[in-house]
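# Structural overview
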Amino acid sequence: MQTVIGLALTLATACASDRPIAPATKCSGASADLSTLAVFDGATVRGSALECIRLAENAEYIVVPQLLGATLPYVYQKFLIGAPDATISTQPMIASLTANEDAMPSFPSTQERLHGLLRERERLLRPRRTAEMRVEADVADPVSRDFSVLASLSDVTKFAKITTALRFAGTHVLLYVDERTASIYTDDELLALGKQFDEQLYGVDHAAFGPESDIDGNGKVIVLFTPAVNALVSASECATFGFATGFFYGFDLASTAPESNKGEVFYAMTPDPQGTYSCAHTEADVAALLPATFVHEFQHMISYGQHVLAKGLPPEVPWLNEGLSHMAEELASLYYEARYPPPSGRTNPLQIFPDSASPLIIGNLFNSYRYLRFSEQYSISSCAPGSFCATPERGGAWLFLRWLADDTADPRLFEKLVQASDPGTENIEQATGRTFGDLFGEFALAVWGDSIVGAPRTSTRAALRFSGRNLRRIYNAMYETYGPLRGVPQRFPVSPIELDPATRREGAMRPGSFQVFHLRTPANHSGFALGLTSDSGEPLSAAHGAQVSILRVPLP
C-alpha cells in the first residue's frame, strides 16, 4: 500500500453549526494525487498532503480517516470530510454519538474489573529481579499445601488462607484443588483437565510467547481450583455483572510478603451446581470456560515475568497486554481447528469451528464485531479512562494483532512483542520495522478489503486483507446463528457512511480509532478532490497523528 507523507488533518471541536465555517480550501501543490490508484489497491495519506486528495472520476472508494495521537484526550474529535470546495451538509452527526460525548456504554464485567484491579496493582509493585526472587523448591511437590488467595474484588490486598490437595502432576502443570470442593471432581475428570492443560494448552502459549518465570524452581505452573474465585462476587452481583473465571496475579511473583505464594499460580473457579459460593455453575460450564481463561492468563504470567522480573521494566501497556492474551485464546482455537478439520469434531458438520475451539474464539468474534460496528468509538491503542479496556477495545486489539500476524507472516512475532523492552506502539514498530501509522492504516482498510463482495479474495493484495480468517464469512455465520436479538444485528458489522461528492459532512472519532466512509466520485470531473478540515479551518499539530487511508473498490 502506498503511503503519502505529509498530512495535516484538521478536526472540529464542535458541531458544524456551532460556529462560522471557514472558507473552503482549494487544492494546492501540496495535494496528494491518487487518481491513478488501481482498483483493489489502497494508500495512506498524512501531513500537508491531506489538504487535497485528488481521486479518479466515476470511481468508488472506501475512505477511512484515523487519529493516532497518543497525547489526545479520550474524547470525540470532530471533523469535516468531503470535496474542499463543497457546501456543508446538514446531515446529523453519526448515530453512535451520544449527547454526552465522553460517555462509554455499559459497566465493566466482573472479569474486566478484576483484570483492571490486578494489572493496576502490579504497576505499583516494586519487585526485585528474578535472581533475587528465587526461592527454594520442595524436593517433591507437596500433596497438601496452603495458599493465600485474593478474597475481595474491591481490595486486592485482602487474602484468605485455603488448604488444597495435589490432584494432578504433569510435566508442566500441577493441579491443586481446594479441600472445600475436593469431591466436585473425580480423579478421571481431573486427569482429563490436567492432560488438556499440560499437554495441549501450556504448549500453545509457551511456543507463541516464550517461557514463563520459575521463581519457585519447580519448573511447573500451578493451576489452583478454588471457590474463592467464585466468591469474589455475590450471586446478585453475578447476575448483573457476570463472574470471574480465573486470574493470574503478579503479586505472587513480585512480592516476598507472607500473602505471596511465591510461584507461578493460575487461580480457577470451580463448579458450584448448588450456588453455594455465588451463582451456580455446572461442571460442563466450567470445563468450557477454563481453557480460554488459562491461556489468556498464562500470557499475562509470561509477559509479567519477561517485562518485570527479567528486565526490571513496567508491565506491558494494557491494550497490547490484553490484545496478546486474547490472541492466546485464538492460538488455542487454531490448535483445535487443526486437530479437528471439518467436518470432524463438530456437533453440526456445517459449523465453522469444532466444538473444542468455539469457546476459545467466540468471545473475540463478538468483541471484534462490536468494535467494528462502532469503530469510531473504541480505541485499540489506549483504554477508556477508568477501565482496563472495554471488551470492544479488546476485540479491536485482537483483530489488529490477527491482521498483523497475517501481514508479517513472522512465526516469532508474538514472542518478540512479549519479550520486548519497548511498550505499546513502540513495541509494535520495533517488532515489525514499520511505523504504527502505516500498519494501522493498512489494517483499517483490510477490515473492508477482506473478501470484498463479488470479487475473489485474492483480488485485494495480502496487506489489505486477512489471510488467516475470512471476516465476512465468519460474521455472516454469526448473524445466521445469533441474529439481532443476540447481539449480531447485521451480516457485516461495518456500515460505511455515504459521502455525497457535492457536500462536506461531519464525522467524529476517538484517538486510536477510525471511521469508515463510502464515496463514489462524479463522472466527467477529472479534477475531483477529497479533503479533511475542521469547522474552524485550524489544522491539528503533527502530534495528533492524523491520517486517512483510501481503498479503491470496483464499481457495482
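Cut-offs and rules
Residues numbered from 1 in each chain as written. Predicted model: local features only at pLDDT ≥ 70, side-chain atom pairs only at ≥ 80, totals over all residues. Heavy atoms only, no water. Helix = DSSP H or I, 4+ residues; strand = E, 2+ residues; numbered from the N terminus. Expected span 1.5 Å × (residues − 1). Buried < 20%, exposed > 50% of the residue type's maximum accessible area, 1.4 Å probe, protein only. Contact = heavy atoms within 4.5 Å. Pairing = 2+ DSSP bridges. Axes fitted to C-alpha atoms, helices over the stretch in contact; angles between N-to-C directions. Salt bridge = Lys/Arg side-chain N within 4 Å of Asp/Glu carboxyl O. Core = buried A, V, L, I, M, F, W, Y, C linked by side-chain atoms within 4.5 Å. Phe/Tyr/Trp six-rings, centres within 6.5 Å; stacked < 30°, edge-to-face > 60°. Lys NZ or Arg CZ within 6 Å of the ring centre and 35° of its normal. Disulfide = S-S within 2.5 Å.

For the rest of this paragraph, the subject is helix 1 (residues 110-124). Think of an α-helix as turning once every 3.6 residues; residues three or four places apart then point the same way. Taking 1.5 Å per residue as the helical rise, helix 1 with its 15 residues ought to reach 21 Å, and the 21 Å between its terminal C-alpha atoms agrees with that figure. T110, Q111, E112, L114, H115, G116, L118, R119 and E122 are the residues of helix 1 that are buried. Lining the buried residues of helix 1 we find strand 9 (144-150), helix 5 (235-241), strand 13 (246-248), helix 7 (283-310), helix 8 (318-339) and helix 10 (391-408).

This paragraph deals with the pairing of strand 20 (residues 546-553). Where a strand is regular, its side chains alternate between the two sheet faces. Across the eight residues that make up strand 20, a large majority, eight, are buried. Burial along strand 20 is two-sided: A546, V548, I550 and R552 and Q547, S549, L551 and V553, pointing in opposite directions, are all buried. Bridge count between strand 4 (residues 42-47) and strand 20: four bridges; the pairing is antiparallel. Looking at the pairing, T44 lines up with S549 of strand 20.

Judged by pairing direction, the sheet is mixed, and its six strands sit side by side in the order 9-10-11-12-14-13 without closing on themselves. Every other strand in the sheet has two partners, leaving strand 9 and strand 13 as the edge strands with one partner each. Across the sheet, the axes of successive neighbouring strands diverge by a mean angle of 30°, strand direction being ignored. Bridging between strand 13 and strand 14 (residues 265-268) involves three bridges; their strand directions are antiparallel.

Taking 1.5 Å of rise per residue, the 18 residues of helix 10 would be expected to cover 26 Å, and the 26 Å separating its terminal C-alpha atoms lies within 8% of that figure. Within helix 10, 15 of the 18 residues are buried, which leaves the element mostly enclosed by the surrounding structure. Phi for A409, located one or two positions after helix 10, is positive at around 50°.

Moving on, we get to the pairing of strand 11 (residues 173-178). Along strand 11, six of the six residues are buried, which leaves the element largely enclosed by surrounding structure. Every second residue of strand 11 is oriented toward a common face, with V173, L175 and V177 on one face and L174, Y176 and D178 on the other, all of them buried. Pairing geometry for strand 10 (residues 159-169) and strand 11, over five bridges, is antiparallel. Bridging across to strand 11, F168 finds its partner in L175.

With that settled, the discussion passes to the pattern of salt bridges. Scanning the model with the defined rule gives 17 salt bridges in all. We note a salt bridge from E122 to R119, for which the minimum N-O separation is 2.7 Å. Taken together, the residues span about one helical turn, with E122 and R119 both in helix 1 at a distance of three residues. Neither residue differs from the other here; E122 and R119 are each classed as buried. Here E322 ties to R394 by a salt bridge, and the two come within 2.4 Å at their closest N and O atoms. Highlighted residues: E322 in helix 8 and R394 in helix 10, separated in sequence by 72 residues. Owing to a relative accessible area of 4%, R394 belongs among the buried residues under this scheme. By sharing partners, the salt bridges in this structure join E330, E337, R402, D406 and R469 into a single network.

Another point: the nonpolar core. Residues F225, F400, L401, F414, I428, F443 and F514 are the most contacted members of the largest nonpolar core, which totals 123 residues. No other element matches helix 7, which puts eleven residues into this core. Beyond its immediate chain neighbours, meaning those up to four positions away, F414 contacts A208, F209, L324, M327, L331, L401 and A405. Ranked by size, the runner-up nonpolar core spans 30 residues in total, among them L50, I53, F79 and A83.

The next subject is the packing of aromatic side chains. Taken as a whole and judged by the stated rule, the model has 29 aromatic pairs. Seen from their ring centres, Y369 and Y475 are 5.6 Å apart, and the 70° between their planes marks the pair as edge-to-face. One end of the pair, Y369, is in helix 9 (residues 358-373); the other, Y475, is in helix 14 (residues 471-481), and 106 residues separate them in sequence. The burial state of Y369 is the same as that of Y475; both residues are buried. Here the aromatic residues W319, Y371, F400, W403, F436, F440, F443 and F514 are joined through ring pairs into a cluster of three or more. Positioned above the aromatic ring of F492, the side-chain terminus of R472 is 4.2 Å from the ring centre. The cationic tip of R510 hangs over the ring face of Y76; the distance from NZ or CZ to the ring centre is 4.3 Å.

Turning our attention to the state of the cysteines. Overall, the coordinates contain two disulfides when judged by the stated rule. Disulfide pairing is shown between C238 and C279; the S-S distance is 1.9 Å. Judged by the torsion about the S-S bond (60°), the C238/C279 disulfide is right-handed. On the criterion of sequence distance, the pair formed by C238 in helix 5 and C279 in the loop between strand 14 and helix 7 is long-range, its members being 41 residues apart. The burial state of C238 is the same as that of C279; both residues are buried. Between the sulfur atoms of C383 and its disulfide mate C389 the distance is 1.8 Å. Disulfide C383-C389: the torsion about the S-S bond is -40°, which places it as left-handed.

Once that is clear, we can look at unusual backbone geometry. Note on backbone geometry: most residues besides glycine have negative phi, and most peptide bonds are trans. In this structure, P343 follows P342 across a cis peptide bond, with omega equal to 5°. As for its placement among the helices and strands, P343 is situated in the loop between helix 8 and helix 9. A positive phi angle, near 75°, is found at F40, a position not held by glycine. Phi is positive for S451, which is not a glycine, with a value near 60°. Relative to the elements of secondary structure, S451 occurs in the loop between helix 13 (436-449) and helix 14. Look at S451 and you get buried, because its relative accessible area is 9%.

Purely geometric stuff here, so don't read any function into it on its own.
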